[in-house]
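What follows is each chain in one-letter form.
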Amino acid sequence: MNYRATAPLTRGLRARRTAPAVLAALTLTAVAGCTSSSADGTPGAAGVRDPFFPELGNGGYDVAHYGLTLGYDPESHHLTGAAEITARATKNLSAFNLDLKGLKVKDVTVEGKKARFNRSGDELTVRPRNGLDRGEKFRATVRYSGAPQTVTDADGSKEGWLKGDKSALAVGEPAGSMAWFPSNNHPSDKAAYDIQITVPKGLQAISNGELTKETTTNGRTTFAWHTAEPMASYLATLAIGEYDTKKSMTSKANSGIPVFTAIDPTLPEGKYEKTEKVLAKIPEIMDWAELNFGDYPFSSTGAIVDGRVDLGYALETQTKPVFPVEAADASTLVHELAHQWFGNSVTPKSWQDMWLNEGFATYAEWLWEEDNGGDSAQDTFDALYEGEYYESKADNEAIWAFPPARQSDAASISDAPVYDRGGMVIHKIRETVGDETFYDIIQGWLNTYRHSNANTKDFTAYVEKHAGDDKSREELKRVWADWLYGEGKPDNP
């Protein structure tokens, strides 16, 4: 995400024929077994106790795949949906929860059998007919409809479902995805996605991954998008409206990754042309990013630019970052594409680890400038440290409000220390271990935790282990103490 108030917008049993006596015995055993499973099971938790968003996510299961079949009419602002969720129980379950905000649930089935359900706030509690055993794979289908809502977070940002003029944009960091589909809405549970969306003919519906089908029938067009690699729910997106789209490929240097871009055709003259020029840099940025960070972790890339909704920030939605027209510049594009490695592939275990996303993406901006004739990363670091980076004194002082790994609350996850001081932590690592070891560490970190989750302790332990020598490891401990966890402005000898 690139959002700072003070800074630039930068996942059945088959019966067999058996002799009557044996069948009776087996039937009794089966009934007893089912009763035992349901009786022994307990409800899954209604949250994963995230330090900042304790009610997000759910315990007791792990999602492998979301299959979303959606229909939307921008005129009536009405969404219909069927979410097929394939998951595995991680404990004996008598019930499990899904996160869903608003929207009316018509029915729920588990393994094709109708299940009881109830709503409480943003929680949808599902009670399978026979309960679920630990390790059991299951398929739950939720059918729902209604007018999806916009969510306002503690930091003032808006997400969820944003309605524009004959258009809509769905974004989800950190909580907004539950406004348009039921999910285990926490970054610790990533899954593959298939999103099929039907809209009035003449409009387009763009989502993550690759377009696998486009068909038009009876005045409505259906678009099917497939995301094979694991994706956190907050990174799912859906853009509906008229768009000028372009398909291309990156260079052979990174094996020719497909690029899909979409631009709002209603952008003012001048801004449209500027946006086109910025997005044309994607192949160049991807080549540069692979050189620095290692192989791209996904099968396609791209961008969506929309000026019809009140977004106010750019977001690293997986494979297709979303930008408002004000944020469609090269530096922000570098930031959001860097997130495909830092945040999307290696995803934080909790929202308290947000600096791992934003510190790295911010530092990617510094590296891009350094490698393309601008200020060096050291110059940027020094300007931030000396209070000369931003025009206002308040913005420069805001960097030291709290240490990046010790944010105070949910409202602070997009504040300057997470971004700028987070980037300064990365620079101190580079300064400590030297360039060769630094890039080995970064690429090794991304490869080790590719498509999985990690937290700050995982990161610091990995860096120390691969720092090269005992002296560097000792110096890194001081970096953690002063720059990552320390209060106030550190000494900078």
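The name an unreviewed UniProt entry assigns to the protein is Aminopeptidase N, from the organism Streptomyces typhae. The UniProt entry for the protein carries the following text under Cofactor (unreviewed entry): "Zn(2+)". Regarding the protein, the UniProt comment filed under Sequence similarities (unreviewed entry) reads as follows: "Belongs to the peptidase M1 family."

Enquirer: I tried to follow the sheet that holds strand β4 (residues 93–99) on my own but got confused; where do I start?
Expert: Whenever strands of a sheet pair, they do so through backbone hydrogen bonds, lying parallel or antiparallel. One open sheet holds the 4 strands; their spatial order is β1-β4-β8-β7, and the pairing between them is mixed. Taken across any chain shown, the strands that pair with only one partner, and hence form the sheet edges, are β1 (42–43) and β7 (116–120).

Enquirer: Help me understand the domain arrangement of the protein, please; the structure alone is not making it clear to me.
Expert: How large an interface is tends to be reported as the accessible area lost when its parts come together. Partitioning the protein into domains gives domain 1 (42–242) and domain 2 (351–484). With centres defined by C-alpha atoms, the gap from domain 1 to domain 2 works out at 33 Å. Listed as interface residues are 16 residues of domain 1 and, on the opposing side, 15 residues of domain 2. Both faces considered, domain 1 and domain 2 share a buried interface measuring about 1,300 Å² in area, 63% of it formed by carbon and sulfur atoms. In this assembly, domain 1 and domain 2 are joined by 0 salt bridges. Summed over the shared surface of domain 1 and domain 2, the number is 5 residue pairs in polar contact (both at pLDDT 80 or more). A class-by-class count of the residues in the side of domain 1 that touches domain 2 yields 9 nonpolar, 2 polar and 5 charged.

Enquirer: Help me understand the side chain of Asn185, please; the structure alone is not making it clear to me.
Expert: Residue position: Asn185 is located in the loop between β12 (167–171) and β13 (191–200). Since its relative accessible area comes to 1%, Asn185 is described here as buried. Only 3.1 Å separates the side chain of Asn185 from the backbone oxygen of Ala175, close enough to count as a polar contact. Other than its neighbours up to four places away in sequence, Asn185 contacts Leu56, Gly57, Asn58, Asp99, Pro174, Ala175, Ser177, Met178, Ser233 and Tyr234.

Enquirer: Got a minute to help me understand the packing of aromatic side chains in this structure?
Expert: Given two aromatic rings, their pairing is described by the distance between the two centres and the angle made by the two planes. This structure, assessed with the given rule, holds 33 aromatic pairs. Between Trp225 and Phe260, the ring centres sit 5.4 Å apart and the planes meet at 85°, which makes this aromatic pair edge-to-face. Residue Trp225 is found in strand β16 (residues 220–231), and its partner Phe260 is found in strand β19 (residues 258–263); the two are separated by 35 residues along the sequence. Of the two residues, Trp225 and Phe260, both sit in the buried class.

Enquirer: Hey, could you run me through the confidence of the model for the protein in this one?
Expert: Close inspection of predicted coordinates is inappropriate in any region flagged by low pLDDT. On average, residues of the protein carry a pLDDT of 92, and 91% of them reach 70 or more. Predicted confidence is poor over residues 3–39, with pLDDT under 50, and the contacts of this stretch with residues over four places away or in other chains come to 54 contacts.

What counts and how
- All residue numbers refer to position in the chain's written sequence, counted from 1.
- Totals for whole chains, interfaces and linings use all residues, but because this is a predicted model, local features are given only for residues with pLDDT of at least 70 and pairs of side-chain atoms are given and counted only at 80 or more.
- The basis for every side-chain value is the complete set of heavy atoms in the structure, and neither hydrogens nor water enter the calculation.
- UniProt positions are given in the numbering used here, feature names are shortened, and annotations may be inferred rather than shown by experiment.
- DSSP calls a pair of strands paired once it identifies at least 2 bridges connecting them.
- A run of H or I in DSSP becomes a helix once it reaches four residues, and a run of E becomes a strand once it reaches two; helices and strands are each numbered from the N terminus.
- For every domain, the bounds stem from an assignment made automatically or drawn from a database.
- The contact criterion used throughout is that any non-hydrogen atoms of two residues lie within 4.5 Å.
- In short, buried area is how much 1.4 Å probe accessible area vanishes from two parts on joining, totalled over both.
- The term salt bridge refers to a side-chain nitrogen of Lys or Arg lying within 4 Å of a carboxyl oxygen of Asp or Glu.
- The definition of a polar contact used here is a pair of N or O atoms within 3.5 Å, where within protein one atom must be able to donate a hydrogen and the other to accept one, and adjacent residues in sequence count solely through side-chain atom pairs.
- Any residue outside Ala, Val, Leu, Ile, Met, Phe, Trp, Tyr, Cys, Pro, Asp, Glu, Lys and Arg is labelled polar, Gly included; the first ten of those are nonpolar and the last four are charged.
- With a 1.4 Å probe rolled over the protein chains alone, any residue whose accessible area is under 20% of its type maximum counts as buried; one over 50% counts as exposed, and the rest are partly exposed.
- Any pair of Phe, Tyr and Trp rings, taking the six-membered ring for Trp, is counted once the centres come within 6.5 Å. Such a pair is stacked with planes under 30 degrees apart, edge-to-face with planes over 60 apart, and tilted for the rest.
- A residue's pLDDT is the confidence the predictor assigns to it, expressed on a 0 to 100 scale.

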